[in-house]
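Structural overview for review
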Amino acid sequence: MIALESVSKRYGSKTIIHDVSFSVEKGEIVGFLGPNGAGKTTTMRMIAGFTTASSGRVSVAGCDMATQNDQAARKIGYLPEHPPLYDVLDVSAYLRFVAKVKGVPRASIASDLDRVIHACKLEAVVKREIYKLSKGYRQRVGLAQALLGKPEVLLLDEPTAGLDPGQIHETREVIRAFGVDHAVLLSTHILPEVTLICRRVAIINHGRLLAIDSPAGLQRASEQTNQVSLLATGPSDAIREALLAVDGVQSVNVAPSAGANQLLSIECQVENRDGIESVIARVVAARWSLHRLERQQPTLENIFLRYISENRETA
Amino acid sequence: MNGMLAVYQKELATYFRSPIAYFVIAVFLLGTGYFFVYNIFLTGIGTMDQTLQNMGILLVTLIPVLTMRLFSGEYTGRTMELLGTLPLRPWQVVLGKYLGAVTMLVLMTAATGINLIPLFLYGNPETTTIFSGYLGFLLLGMACLAIGQFFSALTQNQIVAALITVPVLLGFWFVGHLQSFQGSEFLRALLGYLSFSIQFGDFIRGLIRSEAVFFYLIVSAIALTLNTSYLQWRR
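Along each chain, residues carry numbers from 1 onward, in the same order as the chain's sequence is written. For naming, the first written chain is A and the first written ligand is 1, with later ones following in the order written. Under the rules for a predicted model, residues below a pLDDT of 70 receive no local features and side-chain atom pairs below 80 are neither given nor counted, while totals for whole chains, interfaces and linings still include all residues.

The subject of this paragraph is the pairing of strand S2 (residues 14-24) of chain A. Residues and elements named next belong to chain A. Any two strands with at least two DSSP bridges between them are considered paired. Numbering of helices and strands runs from the N terminus, with a helix taken as a DSSP run of H or I at least four residues long and a strand as a DSSP run of E at least two residues long. Pairing geometry for strand S1 (residues 2-11) and S2, over seven bridges, is antiparallel. Each residue of the ladder has a partner; that of alanine 3, found in S2, is serine 23. Between S1 and S2, which follow one another and run antiparallel, lie two residues, and glycine 12 among them has a positive phi close to 65°.

Residue and element names in this part refer to chain A. In space, the four strands of this open sheet follow the order S2-S1-S4-S5, with antiparallel pairing throughout. Looking at which strands have only one partner, the edges of the open sheet turn out to be S2 and strand S5 (63-64). The sheet contact formed by strand S4 (residues 55-60) and S5 spans two bridges and is antiparallel. Paired with serine 59 across the two strands is aspartate 64, which belongs to S5.

Take the interface of chain B and chain A next. Think of it this way: build a C-beta for each residue from its backbone, and any pair within 7 Å is a contact. On the chain A side, the residues contacting the 20 residues of chain B number 25 residues. Those elements that provide at least two residues to the side of chain B that touches chain A are helix H1 (2-16) and helix H5 (80-85) of chain B. Each residue belonging to the side of chain B that touches chain A can be placed in one class, and the counts come to six nonpolar, eight polar and six charged. Charged means Asp, Glu, Lys or Arg here, nonpolar means Ala, Val, Leu, Ile, Met, Phe, Trp, Tyr, Cys or Pro, and polar covers whatever is left, Gly included.

What follows is about the domain arrangement of chain A. When its domains are assigned, chain A resolves into domain 1 (2-220) and domain 2 (224-296). The gap between the C-alpha centroids of domain 1 of chain A and domain 2 of chain A is 45 Å. Where each domain begins and ends is defined by an automated method or by a domain database.

Attention shifts here to unusual backbone geometry. The backbone of glutamate 158 of chain A shows a phi angle near 50°, a positive value even though the residue is not glycine. Position of glutamate 158 of chain A among the secondary structure elements: in the loop between strand S7 (153-157) and helix H6 (165-179). Here arginine 78 of chain B, not a glycine, exhibits a phi torsion of approximately 60°, which is positive. Along the chain, the position of arginine 78 of chain B falls in the loop between helix H4 (69-76) and H5. Residue class for arginine 78 of chain B comes out partly exposed when judged on the 14 C-beta atoms lying within 10 Å of it. Labels follow a simple rule on C-beta atoms placed from the backbone: if 20 or more others lie within 10 Å of a residue's own, it is buried; if 12 or fewer, it is exposed; otherwise it is partly exposed.

So, on to the pairing of S7 of chain A. All names here are of chain A. Extensive coverage of S7 is indicated by the burial of five of its five residues. Covered by surrounding structure in S7 are Val153, Leu155 and Asp157 together with Leu154 and Leu156, the residues of both alternating faces. Where strand S6 (residues 76-79) lies against S7, four bridges are found, and the strand directions are parallel. Bridging from a neighbouring strand, tyrosine 78 pairs with leucine 155 of S7. Bridge count between S7 and strand S8 (residues 183-188): five bridges; the pairing is parallel.

Residue and element names in this part refer to chain B. Tracing the backbone through its elements, the reader meets leucine 207 in the loop between helix H11 (196-204) and helix H12 (210-234). Look at leucine 207 and you get exposed, because 12 C-beta atoms sit within 10 Å. When the C-alpha positions of leucine 207 and phenylalanine 174 are compared, they lie 20 Å apart, and in sequence the two are 33 residues distant. Among residues more than four places away in sequence, those in contact with leucine 207 are Ser132 and Asp202.

With that out of the way, let us pick up the environment of glutamine 156 of chain B. Residues and elements named next belong to chain B. Relative to the helices and strands, glutamine 156 resides in the loop between helix H8 (127-154) and helix H9 (158-174). When the C-alpha atoms of glutamine 156 and phenylalanine 71 are compared, they prove to be 7.7 Å apart, with 85 residues separating the residues in sequence. Look past the residues within four positions of glutamine 156 in its chain and what remains in contact with it is Ser72, Tyr75 and Thr76.

For glycine 62 of chain A, the position within the fold is in the loop between S4 and S5. When the C-alpha atoms of glycine 62 of chain A and isoleucine 175 of chain A are compared, they prove to be 23 Å apart, with 113 residues separating the residues in sequence.

Remark on secondary structure: sheet strands pair via backbone hydrogen bonds, oriented parallel or antiparallel. All names here are of chain A. Ordered by their spatial adjacency, six strands build an open sheet running S6-S7-S8-S3-S9-S10, and the pairing between neighbours is mixed. If you trace the sheet from one side to the other, it starts and ends with S6 and strand S10 (208-213), each paired once. Pairs of neighbouring strands in the sheet enclose a mean axial angle of 15°, with direction left out of account. With axes taken as lines fitted to C-alpha atoms, and helix axes fitted only over the stretch in contact, angles between N-to-C directions fall between 0 and 180 degrees. Packed on one face of the sheet, helix H1 (residues 40-48) meets strand S3 (28-33), S6, S7, S8 and strand S9 (200-205) and runs near 155° to S7. Lying over the sheet, helix H5 (residues 135-147) contacts S6 and S7, oriented at roughly 170° with respect to S6.

In C-alpha cells, the structure reads:
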C-alpha cells in the first residue's frame, strides 16, 4: 500500500533523508520510531504528497506520488504533526469541508461524519468552534478529519500527542480497529505505543532507516547480548579485569555510582547464556562486596536507545 | 469542481465568522455614505460620478484587509498542509479563495445600492452610466483582489501581505499621473493603459470599452496564474 524505494530528500545542499526504503501492507500498522528531528515528519510529508522526494520513488496504493499525486490523495488520510484546523469554523463545518474535498458523495456525507464523530468521541463538541476546544479535542478532530472518506492509507504523525491517558487508550483502539483492513503508518516517540498496536517497527535517526522488524523480532535480534548491572565496592581496575576473565563477558564498563560514594556502578555486556549472572556474582562476592546485581532482558526501549546511540557513534 | 466549491464555501464561512469582513464592510459603507452625501447634497449634482471615483480609492485601500489572510492565514494556521495533501489542485484552491473574496466584493458593492434610492427618488440620473460605473467598480475590485491574494501567498505574515499590497495597488491607481512627465507617446499610452484610475474613469463616464474590461480581467488572470504557479513550485 505504501512503498518507499531508496527515497532521499535534500534541501539545498543538506540531505534530510538518506536512501530510505520500506513498505506498509494492507491490514498492517507500522510504527515509525525516532527521536525528534530524525526525519519522521519529512518522510510522512513525502508519503502524503505535501513535499516531493529529491530522488527515489514513493508510491501509495499503486500511484506514484511524483506523477499521480491527485489520484493518490483520494486514498490517503493524513494527520500532520500539528492538526490542521480552521479555528473559526465549528467542528461539523470543518469536517464537512474536508469530506466534500475528499469527494465523499453528497448523500453519504452525513453518515460518514457520524461515523468519525462517534469513533473519535466528538459528540459533545460537534457544534463548537474549533478555537474553543482543548488540545485533546483538537487532536481528535484532526484524527477524525483523516478518517473521513475511509482512506486506504492512514498516515498519523504523533496521533496521541497532547492526549490524557484515557484519550490515548481510546485513540489507540480507533487506530487498531482501522488498521485491521487498512494500511497505517504511525509516527511516535512513545515506545509502549509501538509494542501495543504495531505489527512492525521502523526505527529512523538522522534521516537513515536503522531497522525495520516486528517488535518481537527486534527483541530477538538483540537478545544475543544481555546486560548485567552491578553495584559493588572495591578497586575498579581489579574488578574490571576479574570480570573480563569470566567466560561469556564481552565488555565491562565501570563508573563511580552517582548515588553513594565508594560504590561502583558496573555494566557488563554478556552473551545470552543461562546462569551467567550467578558466575559473575560469585566472582565479585568472593573478593569484594557486592550490593546489587541485575540481569536485564532488552526492552524495546533499550533496543531503540542502542540503535540511536550506535548510529550517533558512526555518524 | 467540487473541491473548488468546497474551498469557496469554506472561505465565505471563514469571512463571516471572523470580525474582519464585518469591519471592512462597515468602513466601506460608512465611507461610501459619507462621499455620497457630500457629493450629492453639497454640490447638488444628481450623479454617481464623483462618488464612484471616491469609492474606487476607498476600495484600493480596503482590499488588502480582505485579501491578507487568504494564504498567510493558511500558513500560520498550518492548514496549508491539509490543502496540500487533500485531493485539490493548486488552481482549485486559488480559484475557490478568489471567488470567495469576489463574493464579498459583490455583497459590499450591492449594499451601496441603498444610495441609489434617494438618487432615483429625487433626481434624474442616467441608469446606463450608473450601471457602467458599477461594472467598472467590480472589475477594478476583482483585479485588486487577485493582486492582494497573490501577495498573501508569498508571506506567512498577514500584516506584511497587506503592507506589500497597499503600495502596489496605490501604485497602479496613481501611475497615470506620470503621463504628464513623458515626452514619448508610447510611454504616455502605456502609463495610461496601466492606470487603474484612468481605466476606471471611462466606466464612470458611462463608457464601457472592451479594452478596459479586458485590462482588468487580464490583470486578474495574471495575478491568479502567478499565485497558482507559486503554490505548485512550493511543493
